[in-house]
Amino acid sequence: MRWENLSPDSEHSRADAALFGAEAVTTRTFDTPEFRGITFHEIRARSVVNRVPGASRMPFEWTVNPYRGCTHACVYCFARKTHSYLDLDTGLGFDSQIVVKVNAPELLRHRLASRSWRGEHIAMGTNVDCYQRAEGRYRLMPGIIEALRDHANPFSILTKGTLILRDLPLLRQAADVTDVGVSVSVGFTDEKLWRTVEPGTPAPERRLDVVRAFTDAGIGCGVLMAPVIPFLGDRPEQLRATVRAVAASGATSVTPLVLHLRPGAREWFMSWLARHHPHLVARYERLYAEGAYAPRWYQRRITRQVHDLAREYGIGPARAGSPRRVPAPAPEETEAGLPTQLTLL
């Protein structure tokens, strides 16, 4: 690992000094079923509030990421490339070598109290999931939310993790004093697809239970329908089933996002595809021939389909505290109708 040889004369010392020092790393393993095979690198970071690069497509400027690496092990995760910055493997290493910024809450509180901070929106869960399995042991998010609440600083959280329910009381307190956005990521409800591409995540149905809980608590919760996976999760009946389930959960919005394959994620995903769906490799090479993103015509088609379905099932702006329930479809319901687009957090 890069920090193992970190020294004042190292070629990496200047770049890494902004993150943490070599003397501040403790490596641990835990012999429990939920953490077997996972190594945690506990660091005392020197910064935790990060500015989003200007070229980014993200609709926010600041992020907080208490972890690097993610035990969700999603084969398509775009954040895999970030592990290479520390000379860590972007494949299995990303899934099992987790960097934990153990002082993240105190760093955030210090930043929010500084005179230079202007109270800008902070997004979380935009790189790796802040409610991945490790959070159950390290409990960094309560301190982070408390700091944001105490400074009435607006923030948003995107997650696939059901552990966020633990912090629902804190999030309600924060929502009383500032703008709080919560979104849950559910790209599909197909169980077979979930088990193969998101093996470390809670089931889609459990994530939609999170949406219900937040809706019932009076905090509007949207669903980021991401990723829509070409040729595996984009059939009309799959899109319909997902939007129908999202609507039944009481979500305030549904935002489709087609799979994108950045360097680091692309290689890992394509190797997975070659093993599990070799007949699709050539189709993917053609679809993503121009870069990390699917062609605009494909993205527009998926967005239109999901938006149409969202209108059909009544997903749209809703008042806080006004939960909506959509009845289960009758058995004779057909696959007619086409579907939607975005709001983020």
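About the criteria used
Residues numbered from 1 in each chain as written. Predicted model: local features only at pLDDT ≥ 70, side-chain atom pairs only at ≥ 80, totals over all residues. Heavy atoms only, no water. Helix = DSSP H or I, 4+ residues; strand = E, 2+ residues; numbered from the N terminus. Contact = heavy atoms within 4.5 Å. Salt bridge = Lys/Arg side-chain N within 4 Å of Asp/Glu carboxyl O. Pairing = 2+ DSSP bridges. Buried < 20%, exposed > 50% of the residue type's maximum accessible area, 1.4 Å probe, protein only. pLDDT = per-residue confidence, 0-100. Disulfide = S-S within 2.5 Å. Phe/Tyr/Trp six-rings, centres within 6.5 Å; stacked < 30°, edge-to-face > 60°.

**Observations concerning the side chain of His260**
Examined against the element boundaries, His260 turns out to sit in the loop between strand S11 (254–258) and helix H10 (265–276). Apart from residues lying up to four places away in sequence, His260 is in contact with Tyr76, Phe78, Tyr288, Ala292 and Tyr293.

**Examining the side chain of Thr39**
The topology assignment puts Thr39 in strand S2 (residues 39–43). Contacts of Thr39, omitting those with residues within four sequence positions, involve Thr27, Arg28, Thr29, Ser96, Gln97 and Ile98.

**Describing the pattern of salt bridges**
Going through the model one piece at a time under the given rule, you end up with 16 salt bridges. Among the ionic pairs, Asp308 bridges to Arg311, the shortest N-O distance being 2.2 Å. Taken together, the residues span about one helical turn, with Asp308 and Arg311 both in helix H12 (residues 296–313) at a distance of 3 residues. Each of Arg109, Arg149 and Asp150 takes part in a single network of salt bridges with overlapping partners.

**Comments concerning the sheet that holds strand S6 (residues 97–101)**
Within the open sheet, the 4 strands sit side by side as S1-S2-S6-S5. Their pairing is mixed. The open sheet has two edge strands with one neighbour each: strand S1 (25–29) and strand S5 (67–68). Where S1 meets S2, 5 bridges bridge the pair, whose relative direction is antiparallel. Along S2, the bridge assignment pairs Arg28 with Phe40.

**Regarding the environment of Phe35**
By the element assignment, Phe35 lies in the loop between S1 and S2. Taking relative accessible area as the criterion, Phe35 reaches 4% and is therefore assigned buried. Distance in space between the C-alpha atoms of Phe35 and Thr71 is 9.1 Å, their sequence separation being 36 residues. Non-local contacts of Phe35, meaning those with residues more than four positions away in its chain, are made with Phe30, Phe40, Arg133, Ala134 and Arg137.

**Examining the confidence of the model for the protein chain**
The pLDDT averaged across the protein chain works out to 86; a share of 83% of its residues lies at or above 70. This model gives residues 4–18 a pLDDT under 50, and the stretch forms 15 contacts once residues within four places in sequence are excluded. The low-confidence segment residues 317–345, where pLDDT is below 50, has 78 contacts with residues more than four positions distant or belonging to other chains.

**Side note on the state of the cysteines**
Inspection of the entire model under this criterion finds 0 disulfides. Unpaired in terms of disulfides, Cys74 finds its nearest cysteine sulfur in Cys77, a separation of 6.3 Å.

**Focus on the packing of aromatic side chains**
Taken as a whole and assessed by the stated rule, the structure comprises 10 aromatic pairs. Considering the side-chain rings of Phe269 and Tyr284, the 5.4 Å spacing of their centres and the 50° angle between planes classify their relative orientation as tilted. Of this pair, Phe269 sits in helix H10 while Tyr284 sits in helix H11 (residues 281–287), and the two are 15 residues apart along the sequence. According to the relative accessible area criterion, Phe269 is buried, its value standing at 0%. Classification of Tyr284 as buried rests on a relative accessible area of 1%. Taken together, the ring pairs connect Phe231, Phe269, Trp272, Tyr284 and Tyr288 into an aromatic cluster.

**With respect to unusual backbone geometry**
Following Ala226, the chain continues to Pro227 via a peptide bond in cis, the omega torsion being -5°. The backbone of Asp87 sits at a positive phi, close to 60°, despite the residue not being glycine. Locating Asp87 in the fold gives a position in the loop between S5 and helix H2 (92–96). On the accessibility criterion, Asp87 (47% relative accessible area) is partly exposed. Of note in the backbone geometry, Ala152 takes a positive phi value of approximately 50° without being a glycine. Among the secondary structure elements, Ala152 is positioned in the loop between helix H5 (141–150) and strand S8 (155–159). Residue Ala152 is classed as partly exposed on the basis of its relative accessible area of 37%.

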